[in-house]
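Below, each chain spelled out in residue letters.
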Amino acid sequence: VQLQASGGGLVQAGGSLRLSCAGSGRTFSTSHMGWFRQAPGKEREFVAAMTWTGNSIYYAGSVKGRFTISRDNAKNTVYLQMKSLKPEDTAVYYCAAKSGGTLRPSEKYEYDYWGQGTQVTVSS
């Protein structure tokens, strides 16, 4: 699976952005998908994840109620809709895929494939 993230940019606090992650490869539709982010000088942290069936969705506490993860398997794409953005959401956002198995959503070392990242900057 190859992943290409896009949709980042500069937005004012309170604004919205939608990130996209386009995947290629036959196994995308059966891959669990996640979003992580990394701010300067900080560890990469979990943001959101979804099982390949879409039946289970997970969010970090800091984004719950503001961010929504979704996927369109027909388009091999996963999305992260971000609303009510805050300056502390500023980071490089990465999408990741885990090929099958049990999903432990926040365990970044269990993901098999990563996109290149897209920068999100929220100004105050």
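Each remark here, short or long, concerns the structure printed above.
Because the structure is a prediction, the values reported are computed rather than measured. (Residues numbered from 1 in each chain as written. Predicted model: local features only at pLDDT ≥ 70, side-chain atom pairs only at ≥ 80, totals over all residues. Heavy atoms only, no water.)

S.K.: Hey, could you run me through the overall build of the protein chain in this one?
M.R.: Across its full length, the protein chain holds zero helices and 11 strands. Sequence-ordered secondary structure for the protein chain, helices as α and strands as β, is β-β-β-β-β-β-β-β-β-β-β. Its C-alpha atoms give the protein chain a radius of gyration of 13 Å, within 12% of the compact-globule value 14 Å for 124 residues. Across the 124 residues in the protein chain, those meeting the buried criterion constitute 45%. Counted over contacts in the protein chain with a minimum sequence separation of 6, partners at least 24 positions apart contribute 58%. (Helix = DSSP H or I, 4+ residues; strand = E, 2+ residues; numbered from the N terminus. Rg over C-alpha atoms; globule rule 2.2 N^0.38 Å. Buried < 20%, exposed > 50% of the residue type's maximum accessible area, 1.4 Å probe, protein only. Contact = heavy atoms within 4.5 Å.)

S.K.: Could you clarify how one ought to interpret unusual backbone geometry in this entry?
M.R.: As a rule of thumb, non-glycine residues mostly have phi less than zero, and peptide bonds are mostly trans rather than cis. At asparagine 76, a residue that is not glycine, the phi angle is positive and equals roughly 50 degrees. Considering the arrangement of structural elements, one finds asparagine 76 in the loop between β7 (67-72) and β8 (77-82). Unusually for a residue other than glycine, serine 84 sits at a positive phi of about 50 degrees. Structurally, serine 84 can be placed in the loop between β8 and β9 (91-99). The class for serine 84 is partly exposed, based on a relative accessible area of 41%.

S.K.: Please clarify how the sheet that holds β8 should be interpreted in this entry.
M.R.: Think of a sheet as strands paired side by side through backbone hydrogen bonds, with each pair either parallel or antiparallel. Pairing is antiparallel in the open sheet, where four strands are placed in the order β1-β3-β8-β7. Every interior strand has two partners, whereas the edge strands, β1 (2-6) and β7, have only one. The average angle at which neighbouring strand axes cross in this sheet is 15 degrees, direction not considered. (Pairing = 2+ DSSP bridges. Axes fitted to C-alpha atoms, helices over the stretch in contact; angles between N-to-C directions.)

S.K.: I keep staring at the environment of serine 106 and nothing clicks. Help me out?
M.R.: Positionally, serine 106 belongs in the loop between β9 and β10 (113-114). Spatially, the C-alpha atom of serine 106 lies 17 Å from that of aspartate 89, the residues being 17 residues apart in sequence. Not counting chain neighbours up to four residues away, the residues in contact with serine 106 comprise Phe36 and Phe46.

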